Amino acid sequence: MFLSIVVPLYNEEESVAAMHDAIDSAMSGFERTYEILFVDDGSRDRTFELARELAKNDPNLRVVRFRRNYGQTPAMAAGIDLAQGDVIVTMDGDLQNDPRDIQNLVEHLDKGYDIVVGWRHNRQDKLITRKIPSMIANWIIGKITGVPIKDNGCSLKAYRANVIKNIPLYSDMHRFIPAMASLAGSRVAEVKVRHHARQFGESKYGLGRIYKVLVDLLSVKTIVSFSNRPILWFTLLSLPFLFISVACIVASILEMTAGNGMPVPLAGTGVLFGSLSIVLILNGALAELVYKTGDVDFSILARLTMSTSDQVASSDSDNAS
Amino acid sequence: MNKTVQLSVVIPVLKRTDDLAELYAGYEGALEAIGLSYETIFVVDGGGENAFSELKQIAAANDKVSIVRLAKFFGESVVLSAGFDQARGDLILTLPAYNQVEPESIVNLVETLDACDLAIGRRWPRAGGAFEAMRRKSFHFLLKLLSGEQYNDLGCGVRLFKRKITDEIQLYGDQHRFFPVLANRQGFKVQEVDVKQSPKDEFRGRYRLREYLHRLLDIVTVFFLVRFTKKPLRFFGMVGSLASALGAVVVLTLVIQRMLFGMALADRPALLLGSLLLVLGVQIFALGLIGELIIFTHAGSMKEYTVAEIFSVEHSSGSGSGGDGD
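Residues numbered from 1 in each chain as written. Chains lettered and ligands numbered in written order. Predicted model: local features only at pLDDT ≥ 70, side-chain atom pairs only at ≥ 80, totals over all residues. Heavy atoms only, no water.

**Some remarks on the overall build of chain B**
Across its full length, chain B holds 10 helices and eight strands. Taking 326 residues into account, the globule formula puts the C-alpha radius of gyration at 20 Å, and chain B, at 26 Å, lies well above it. For the C-alpha atoms alone, the extent of chain B along its principal axes is close to 90 × 65 × 35 Å. Taken across its 326 residues, chain B has 47% of its residues classed as buried. Here the analysis covers contacts within chain B between residues at least 6 apart in sequence; of these, 79% occur between residues at least 24 apart. Side-chain charges of chain B comprise 36 positive and 37 negative groups, with the mean position of each set lying 8 Å from the other. (Helix = DSSP H or I, 4+ residues; strand = E, 2+ residues; numbered from the N terminus. Rg over C-alpha atoms; globule rule 2.2 N^0.38 Å. Buried < 20%, exposed > 50% of the residue type's maximum accessible area, 1.4 Å probe, protein only. Contact = heavy atoms within 4.5 Å. Lys, Arg positive; Asp, Glu negative; His and termini not counted. Charge placed at Lys NZ, Arg CZ, Asp CG, Glu CD.)

**Some remarks on the environment of B:Lys162**
Residues and elements named next belong to chain B. Within the element layout of this structure, Lys-162 appears in strand β6 (residues 159-162). Here the alpha-carbon distance between Lys-162 and Phe-141, two residues 21 residues apart in the chain, equals 27 Å. Every residue in contact with Lys-162, bar those within four places of it in the chain, is listed here: Asp-90, Leu-91, Leu-113, Cys-116 and Asp-117.

**Topic: the interface of chain A and chain B**
Between chain A and chain B, the contact holds 60 residues from the first and 56 residues from the second. When chain A packs against chain B, the two sides together hide about 5100 Å² of surface, and 68% of this comes from carbon and sulfur. Together, A:Arg67, A:Tyr170 and A:Pro265 form the three largest contributors to the area buried by chain A at its contact with chain B, with a combined 15%. Between chain A and chain B we count five salt bridges in total. With a closest N to O distance of 2.9 Å, A:Arg67 and B:Glu168 form a salt bridge. In this structure, the connection of chain A to chain B is made through 11 residue pairs in polar contact (both at pLDDT 80 or more). Looking at the side of chain A that touches chain B, the elements with two or more residues in it are α2 (47-57), β3 (61-66), α3 (72-82), α8 (210-228), α9 (232-257) and α10 (264-293) of chain A. (Buried area = accessible area lost by both parts, 1.4 Å probe. Salt bridge = Lys/Arg side-chain N within 4 Å of Asp/Glu carboxyl O. Polar contact = N/O pair within 3.5 Å; in protein donor to acceptor, adjacent residues only side chain to side chain.)

**Side note on α9(A)**
Residues and elements named next belong to chain A. The end-to-end C-alpha distance of α9 is 36 Å, a good match for the 38 Å that 26 residues give at a rise of 1.5 Å each. Among all positions of α9, only Trp-233, Phe-234, Ser-238, Phe-241, Ser-245, Cys-248 and Ser-252 are buried. Residue Gly-259 follows α9 closely and has a positive phi angle near 85 degrees. (Expected span 1.5 Å × (residues − 1).)

**Here we look at unusual backbone geometry**
Going from B:Trp124 to B:Pro125, the amide bond is cis rather than trans, its omega being 0 degrees. Here B:Pro125 shows up in the loop between β5 (118-123) and α5 (130-147). Phi is positive for A:Asn11, which is not a glycine, with a value near 50 degrees. You will see that A:Leu95, though not glycine, has its phi angle at about 70 degrees, which is positive. Within the secondary structure layout, A:Leu95 lies in the loop between β4 (87-90) and α4 (102-110). According to the relative accessible area criterion, A:Leu95 is buried, its value standing at 10%.

**Some points on the confidence of the model for chain B**
All names here are of chain B. In the predicted model, chain B carries a mean pLDDT of 85, and the fraction of residues at 70 or more is 94%. Here helix α8 (residues 209-228) is the element of chain B with the lowest mean pLDDT, 81, and strand β4 (residues 91-94) is the one with the highest, 94. Note on residues 315-326: pLDDT under 50 across the span, and 14 contacts to partners over four residues away in sequence or across chains. Interface scoring of the predicted complex returns ipTM 0.76; its pTM is 0.71. (pLDDT = per-residue confidence, 0-100.)

**A short note on the pairing of β3(A)**
With five of its six residues buried, β3(A) lies for the most part within the structure. Both strand β2 (residues 33-40) of chain A and β3(A) contribute to a ladder of five bridges, which runs parallel. Note that in β3(A) the partner of A:Val39 across the bridge is A:Val64. Alignment of β3(A) against strand β8 (residues 307-311) of chain B, held across four bridges, turns out to be antiparallel. (Pairing = 2+ DSSP bridges.)

**Side note on the packing of α5(B) against α8(B)**
All names here are of chain B. Their axes nearest at 9 Å, the elements α5 and α8 cross at an angle of 25 degrees. Taken together, the axes of α5 and α8 are roughly parallel relative to one another. The way α5 lies across α8 gives a crossing that is right-handed. In this structure, α5 contributes Phe-131, Arg-135, Phe-139, Leu-142, Leu-143 and Leu-146 to the contact, and α8 contributes Tyr-212, Arg-215, Leu-216, Ile-219, Phe-223 and Arg-227. The class makeup of the residues in the contact of α5 with α8 is nine nonpolar, no polar and three charged. (Axes fitted to C-alpha atoms, helices over the stretch in contact; angles between N-to-C directions. Parallel < 35°, antiparallel > 145°, perpendicular 65-115°, else oblique. Left-handed = near helix turned anticlockwise from the far one by under 90°. Nonpolar A, V, L, I, M, F, W, Y, C, P; charged D, E, K, R; others polar.)

Structure follows, in structure tokens:
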């Protein structure tokens with residue numbers, strides 16, 4: 001099995017050499033062939049030059065440079081696109097993740113999981129500004145997507161290449177990979193990993209604003225729910241409005257039969273909400289059209305999962321952490 | 001014609017033209033002074049009969065000049081793209097078909113291009129009245145507000161750039177004006193260069209309300225393209241939640257008044273307003289969701305990043321070259 005380790009780097013000139021050493025020594029005790037992909041996300045410092053020097057002496061290392069700064073998800077997506085391994089491991093470039101955990105993650109993949117997610121159980125970050133917001137975010141993400149992962153923000157993850165390469169990755173979507181993967185019924189394990197305090201520099205990728213996470217979450221929920229039951233999700237959304245509509249119309253009919261004349265605003269409200277629910281259902285039909293014309297083939301994803309889960313029906317009870 | 005050229009000059013000929021022979025004579029002197037081998041491509045938009053016959057005379061006397069004529073009216077973006085398609089040089093220079101800048105200051109752009117991918121002219125110092133200046137300032141201010149980038153003269157037609165930019169950016173509609181913004185978004189370095197304004201460059205005619213509306217819509221389109229292409233719900237969600245929140249406040253106020261103070265709810269027109277806003281908000285939100293689905297289902301074919309370079313040492317297995325991962 002060939003292993004690809006993808007590391008996005010953004011202004012990491014202090015850590016890049018240490019990062020490379022750490023991966024090297026972690027992999028030396030682990031008999032697998034591997035490649036390392038450093039993705040330089042448009043750094044303004046000497047990250048790329050240093051990484052290129054490292055690559056000159058290490059045939060396993062490839063360095064990819066972006067033309068400008070695009071963000072962490074595109075950097076990971078590029079690494080994943082270019083990776084040649086059967087297993088892809090992603091991790092942060094700031095030394096907060098420990099490459100020694102790669103072995104453990106990959107062993108869990110061997111047991112039959114499709115995605116193994118790191119859980120920074122003793123996270124070395126500030127409590128108020130980092131840990132508490134992320135706890136809340138993780139709880140909400142778990143509730144809404146139905147994939148209860150304790151630590152969505154941890155970059156240290158291992159994937160089967162054929163699973164992750166079929167999941168569209170864009171914008172800030174890396175946070176929702178496990179949820180997206182559940183689209184295909186992928187089996188996700190969560191494993192405790194080490195976490196170190198930052199040695200150099202400031203944290204570059206914050207948790208992002210609450211609005212963004214919430215909105216992304218809603219998109220992911222729509223995407224995930226929609227994939228197996230077309231129209232149903234939009235119909236479900238329209239139900240409360242249908243209820244309001246019916247209530248308003250019934251109330252105005254009651255008023256009328258009581259001889260008080262028709263209450264136009266109330267009846268109008270009923271009609272408005274009624275039309276809203278119809279439009280929403282039609283939106284559902286439109287969305288199905290979008291899916292039909294799109295290039296994400298869910299049947300491929302489903303077939304993939306079936307073949308992988310067949311191999312491992314026995315190890316289901318093996319729960320990590 | 002199969003001599004190699006380093007610089008392709010594209011001159012879009014639209015409605016506004018000056019005496020082309022005189023204009024080109026001026027440009028020619030400046031282009032010779034730059035010292036690169038060059039070709040000039042005039043692209044005539046549909047209709048321009050007079051300009052075309054004038055150009056034929058120029059082209060007959062000069063083998064560096066070629067003319068492309070479009071079959072019907074397409075607008076400046078398409079005219080420019082047609083010129084870019086014909087261009088053979090590694091550098092492309094666009095010049096206006098009227099006296100906008102002094103030709104001798106074009107060389108300023110060439111000097112700057114070492115440090116950037118796209119050099120755009122900025123007419124400075126600038127003639128014109130206070131109203132003109134204000135109009136221009138507010139346009140660029142609005143653009144800065146929405147795109148976060150400061151430009152001072154996007155109306156200047158003098159632009160010099162490396163060929164690879166046109167391979168990645170397709171111009172359509174009215175986007176030629178925002179070419180620098182789009183290029184910047186693709187990770188190209190853009191720099192403004194002061195060029196001397198021609199004394200004959202005066203504003204002709206006047207902007208009508210329609211023009212202003214077009215500019216405004218252009219800015220909004222570019223803003224959307226730059227900021228939210230991959231995340232439509234963030235944009236629609238903002239507008240949608242604003243409308244629904246407003247509606248919810250109205251409806252809640254009415255309901256509270258009904259509950260606590262016994263004011264009738266059923267026949268108050270404000271109820272209609274409130275529910276209308278709510279309904280509008282939800283619909284906008286739903287549009288955003290559809291947008292998200294479109295992006296998700298097409299994300300595979302749209303790369304979000306542009307790779308500048310992949311480095312690895314070649315090793316015997318040959319897999320280290322790191323070709324495009326498709």
